[in-house]
Amino acid sequence: MRRRPWSYLGYAVIVVVILAVAAAVYVVSSVRQSFPQTSGEIVVPGLRGSVEVLRDGAGIPQVYADDANDLFFAQGYVHAQDRFFEMDFRRHVTAGRLSELFGEDALETDMVVRTLGWRRIAERELARLEPATLRYLQAYADGVNAYIAGKSASDLSFEYAVLSVSGPDYTPARWTPADSVAWLKAMAWDLSSNLFDEIDRVLATQTLSAAEIEQLYPRYPYARNAPILTQGRVVDGTFRQSERRLLFRPPPALSSPSAGRGSLDGVRAVLAGLPALLGTGDGIGSNSWVVSSQRSATGRPILANDPHLSPSMPGIWYQMGLHCREVSRQCPFDVSGFTFSGMPGVIIGHNDSIAWGLTTMYADVADLYLERVDTAAGTYLYDGETRPLRTREETILVAGRDDPVTITVRATRHGPLLSDVFEPVGDTGRQAARVMTGSSSDGEPYAVALRWTALQPGGTMDAVIGIDRARTWTQFREAVRSFAVPSQNLVYADVRGHIGYQAPGQIPIRAAGDGRWPVPGWTSRYAWTGYVPFEALPSVLDPDAGYIVTANQAITAPGYPYRLTSDSAYGYRSQRIIDMLTSQPRHDIADMTAMQLDTYNPNAAALVPYLLAIELPTPYYRAGQRLLRDWDLRQPADSGPAAYFNAVWRDLLRLTFHDQLPEEVWPTGDERWFEVIRRLLAQPDSVWWDDVTSTEVRETRDDVLLAALEQGRDQMTELQARDPEKWSWGHLHRLELVNPALGKSEIGAVRALFNRGSYQVGGGGGLVDATAWDAAEGFAVTALPAMRMVVSMADLDDSRWVQLTGQSGHAYHANYVDQTQLWVDGETLGWPFSRAAVEATTEDRLLLVPEAAG
C-alpha cells in the first residue's frame, strides 16, 4: 500500500522533534553536571577547622571560619565552585596561553601578553609580599585546588564540555599564588592611564598639526568643574590639608535645570585587541562619593561607589563576605564586598569599622619611547652609545598545531618593544619619525618601547589584604601605601564619623616631557627620575565641604607641584554629583541610590539651545526638533528626545571631524568631546566646522548643526519610526552580555548558550548613570556601572548592593543572570552584614569540614 506523501513528512517532523528533545536533554544534563553543591556537608582535605558558607537567594556567600588561613582557603573553594572557568580563562590570558584553548585565533593576543610579561612579573612580585599575604595567597590556591581535585573539566564548567566538541580533552592545571597576582597586572592594564591617548595624538599628525591636535585635548575646565580636592598643598614634601589656602575656589553651585602612525598604528591595533577583562578606553572610569555625618540623614557617613567597566557574562564582580567568627590579631577579618574570582580578599566594600570605594585616577604611569634599534647588531642607541638589547624567547603552545610557536622578546632599558608583536606594515614607524624630525619623507621607522609601572614588582596584593583588616584612617593609609598599580582614587568612611580621600600609586617623575606624547628613547633627557613620594600624594581627612566626590576628574588644581595626569575626565559627572549633593542639607540611603541612576545630560544642556536656534526647512524635520523644546535633558530608556539628541550628537561628531581625522581616532563622544564641542560652539567660523573634502563651500557651525539635525531625523526614521512619539532611547541603546571566551563563536547555538540580552537601558557616556557608547561605532553599550553599592556607616545592615549579572558563572543556573533585571531597573539588594542579618536571609547552608584526624 502506497503511503501518502504527508506521512513521510510527519515521520520526518517526529524524528526532528525527537532529536531536538534529545539534544535539549543532553544540554540540560551537561549544564547541570557542573552546578556546585551549596548545602549539606563536604569533607575538604586541607582545612584546619570547619567553615560555614551561608548563601542567600541571590547565591551571595558569607563565609565564617575560626582561622584566617581557613577563611581564604574557603574563599578559593567557593570562587572555584561558581566561577572556575572564568578564573581559568583569565589565567590563560594573563599568562599568554589562550592559544592552548582557542588555537591560532588567540596567538596574537598571547604574543602581546608574553611580550609584556605579566606572568613573569607576578612571579617576581611574590618575593616582595609580606609573609601573611603569601600565606593567604597559598591558602586561597589550596582551596581552589581542593575543589577541582578529582573533577573532569566538564564537571567544573559547561564551557569545557563545549570546547571538547571541537578540540582536545583538557585538564585544568593546579592554581598557584602567581595566578592570582597576575590578575593584578590585567587590572592595571585595563585601567592604564593615557596610553591610547598618547598613541592617538601621533596618529592624528597624519592630517593635523600639533597645535590642531591640542585643540582636541583641551585643558581641564576648572572654572566650571571642581577637582577632587579643593584644600591643602605640598609643604616640605608633604601634602598638608591643614594649609587652608585653597588650591581651588569652587563656583557657586548650579541649580538643577528644568529641562607615529606606522609602528604606533600597529601597536594600537594589537593592544586594542587584547581581551577587555575589565575594559579599556573611553567610558572606563567610575563614580564614588562620601558625605560626612553632618550631611547625612543617618547621623553617620554614607559612601557610594559604582565602577564603570566593560559588560561581560558573567559580570566582573563577585559579592562575598569573609568573617572570622571571633575577630582577633590572628584572625582579623570581618569584611564584605566585591571580590574578583581568582584573587583573595575583598577589593571594594566595608568591614566592621570602615568602608572604601575606588575610581580610576587616570594617573600617567606609562610612557612610549621611540627607539633607534639596529636589528642586525642587536643593539639600540642611548646617550650616544650602542647598548645590547635584552632578549628572551617565549614558546607558545597552539591548539591545532603540531609545533609550538617561538617568539623573541626584545627590550631596551625602558621596557619591551611593543612594535615587535605584530606583522610589519608598509610605513611602520615613519609617521613618528616625521613628527620627531620634521621631515616629510619616509625615513627609517622607530621601534616603540613601553615603560609602565606595572612591569616592575609591586605590593598591591599587600594593600588589598591590609585594607580589608584596617580599622582606622591611619591603618587604611598605611595599607594604601603599598597600592602600587593600578593607581586609584580611594574614598573612605568609618563608623566614628570620619571621611577621607587618598591618592596612591607609583606616579613617575619625568626629567622632561609631560607624558602626553611618545618621546625619544635614545636620550636620557626624558628619563624617569623617581616617583612622587607617598607623603606628597593628595590626601584629606574630614574636608571642610563635608563631602568628597571622585569621578575620574582632575585631582588637584594646577598649583600642585607634581604632574599626576594630563588626561583625566573633564568633570561633567563629578560636578553633576556635587550639584546634587549640595542641593539639600542632608541625604539618606535612598537619595544616594537615586543619584547613581541620574541620567541628566550636561552635554545636552550646552548644545540643545544651539540646536533649537536652527531653522529647519520642512515640518518633517521640525517634528524631530520639536521634541527637544520641552526635554528635561534626562535620558531614561523610554525617552524619545534622548534618542533623537544622541542621533544628532553622533552625526554632529561625524560631520565635524571625520573629514579631518584618521579613522583610528574618530570621536567616541565621551566627556572630552563634550568639552571640545562646547568650546567650538562659541567659534561659529572655526575651520573644524568646514568640510575639507569640499572646496566649493566653507561650512560654518550652523551649517553643520542643520545637517546633523536633518540626518539625525532621517536616522531615527530608519531605525525606529517616522512618528517621533514612537522613539525611545533604549531601543537604540542596548546592552548585550557576552561571554568573553565563547560568546563570539561563529556558531549561533553556542553564543545562545552563554550570552544574554539584549536589554534596553537608559543613561549614557559622560552621565552619572554612565552607560557609555561609542559614537564612531553605534549606540550599543560599551561600558557601564558593573556594580553599585551604597554603604551606611550608621547601620551596615542598611547598606545596598547589586552587580550586573549574577554570582554564578554556570549558564542556566538560577544565579547566572538573576541580578541583571534589578540592575537594569535601577534596583538594589539588601546587604546583610551582621550574623543575625545574614542568618535571616540564608537559603543555603554548606559546612566544609576537615578530614578526620588519624
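Residues numbered from 1 in each chain as written. Predicted model: local features only at pLDDT ≥ 70, side-chain atom pairs only at ≥ 80, totals over all residues. Heavy atoms only, no water.

Strands sit in the order β1-β33-β2-β3-β8-β9-β10-β11-β19-β20-β24 across an open sheet of 11 strands; the sheet is mixed. Of all strands in the sheet, those with a lone pairing partner are β1 (40–43) and β24 (539–541), marking the two edges. Neighbour-to-neighbour, the strand axes of this sheet turn through a mean angle of 15 degrees, independent of strand direction. In this structure, strand β2 (residues 51–55) lies alongside strand β3 (residues 61–65), joined through 4 bridges in antiparallel fashion. Of the residues in β3, the one forming a bridge with Val53 is Val63. In the packing of helix α2 (residues 68–95) onto the sheet, the strands contacted are β1, β2, β3, β8 (318–324), β9 (334–339) and β33 (844–849), and the crossing angle to β8 comes to about 160 degrees. Packing of helix α15 (residues 473–480) onto the sheet brings it into contact with β11 (354–360), β19 (488–494), β20 (499–502) and β24, and relative to β20 it is tilted by some 15 degrees. (Pairing = 2+ DSSP bridges. Helix = DSSP H or I, 4+ residues; strand = E, 2+ residues; numbered from the N terminus. Axes fitted to C-alpha atoms, helices over the stretch in contact; angles between N-to-C directions. Contact = heavy atoms within 4.5 Å.)

Time to look at the pairing of strand β30 (residues 787–792). Across the 6 residues that make up β30, a large majority, 6, are buried. With 4 bridges connecting them, strand β7 (residues 302–309) and β30 associate as antiparallel partners. Following the sheet pairing, Leu303 is matched in β30 by Val791. Of the strand pairs in this sheet, β30 and strand β31 (residues 800–803) are connected by 4 bridges, and their pairing is antiparallel. In the strand pairing of β31, Met789 is matched with Trp801. (Buried < 20%, exposed > 50% of the residue type's maximum accessible area, 1.4 Å probe, protein only.)

This part takes up the pairing of strand β25 (residues 547–550). For a regular strand, the rule is simple: side chains alternate between the two faces of the sheet. Neither face of β25 is exposed, since Tyr547 and Val549 on one face and Ile548 and Thr550 on the opposite face are all buried. Pairing of strand β6 (residues 285–291) with β25, which is carried by 4 bridges, proceeds in the antiparallel orientation. The residue bridging Val290 from the neighbouring strand is Ile548, located in β25.

Contact geometry for helix α14 (residues 460–469) and α15: axes closest at 8 Å, N-to-C directions at 170 degrees. Classified by the angle between their axes, α14 and α15 sit roughly antiparallel to one another. Counting all contacts with α14, which are made through Ala463, Gly466, Ile467 and Arg469, the residues of α15 involved are Gln475, Phe476, Ala479 and Val480. (Parallel < 35°, antiparallel > 145°, perpendicular 65-115°, else oblique.)

A few words on the packing of helix α20 (residues 640–657) against helix α21 (residues 671–681). The contact between α20 and α21 brings their axes to 12 Å, and the two run at 70 degrees. The angle between α20 and α21 places the two elements in the roughly perpendicular class. Seen along the crossing, α20 lies across α21 with a hand that is left-handed. Listed contacts from α21 to Trp649, Leu652, Leu653 and Phe657 of α20 are Trp673, Phe674, Val676, Ile677 and Leu680. For the contact of α20 with α21, the class distribution of residues is 9 nonpolar, no polar and no charged. (Left-handed = near helix turned anticlockwise from the far one by under 90°. Nonpolar A, V, L, I, M, F, W, Y, C, P; charged D, E, K, R; others polar.)

Evaluation of the coordinates by the stated rule reveals 1 disulfide. The partner cysteine of Cys324 in its disulfide is Cys331, sulfur to sulfur 2.0 Å. The disulfide joining Cys324 to Cys331 has a torsion of about -85 degrees about its S-S bond and is therefore left-handed. Residue classification places Cys324 among the buried residues on the basis of a relative accessible area of 4%. (Disulfide = S-S within 2.5 Å.)

A few words on α20. For α20, built from 18 residues, the straight-helix expectation of 26 Å at 1.5 Å per residue is met to within 8% by its first-to-last C-alpha distance of 26 Å. For α20, the buried fraction is high: 15 of the 18 residues fall into the buried class. With a side-chain oxygen lying 3.0 Å from the backbone nitrogen of Ala642, the N-terminal cap of α20 falls on Ser639. (Expected span 1.5 Å × (residues − 1). Polar contact = N/O pair within 3.5 Å; in protein donor to acceptor, adjacent residues only side chain to side chain.)

With respect to the secondary-structure elements, Ser312 resides in the loop between β7 and β8. With relative accessibility at 13%, the residue Ser312 sits in the buried group. Reaching out from Ser312, the side chain makes a polar contact with the backbone oxygen of Pro314 at a distance of 2.8 Å.

Under the defined criterion, the tally for this structure stands at 34 aromatic pairs. Consider the rings of Trp317 and Phe340, whose centres lie 4.6 Å apart with planes at 15 degrees: the pair is stacked. Pair noted here: Trp317 is in the loop between β7 and β8 and Phe340 is in the loop between β9 and β10 (348–351), with a separation of 23 residues, a long-range link. For Phe340, a relative accessible area of 3% gives the class buried. (Phe/Tyr/Trp six-rings, centres within 6.5 Å; stacked < 30°, edge-to-face > 60°.)

Right, let's talk about the sheet that holds strand β22 (residues 519–520) for a bit. The 3 strands are arranged β18-β12-β22 in an open sheet whose pairing can be described as mixed. Sheet topology places β18 (447–452) and β22 at the edges, where each strand pairs with a single neighbour.

Looking now at the confidence of the model for the protein chain. Atom-level detail of predicted coordinates should not be read off regions where pLDDT is low. Per-residue pLDDT for the protein chain has a mean of 91; in total, 88% of the residues score no lower than 70. Predicted confidence for residues 1–6 stays below pLDDT 50, and this span has 2 contacts to residues more than four positions away or in other chains. Across residues 423–430, where pLDDT falls below 50, the model places 14 contacts with residues more than four positions away in sequence or in other chains. (pLDDT = per-residue confidence, 0-100.)

Okay, helix α10 (residues 195–204) next. When you tally the buried positions in α10, you get 10 out of 10 residues, the bulk of the element. When we look at burial in α10, the residues that qualify are Leu195, Phe196, Asp197, Glu198, Ile199, Asp200, Arg201, Val202, Leu203 and Ala204.

This part takes up the nonpolar core. Counting 216 residues, the largest nonpolar core has Trp317, Leu450, Trp452, Phe476, Trp649, Phe657 and Leu848 as its most contacted members. At 13 residues, α2 tops the list of elements feeding residues into this core. Apart from residues no more than four positions distant in its own chain, Leu450 is found in contact with Leu116, Trp189, Leu195, Ala366, Asp367, Leu368, His414, Gly415, Pro416, Leu418 and Leu455. With 16 residues, the next largest nonpolar core counts Trp289, Ile578, Ile589 and Val790 among its residues. (Core = buried A, V, L, I, M, F, W, Y, C linked by side-chain atoms within 4.5 Å.)

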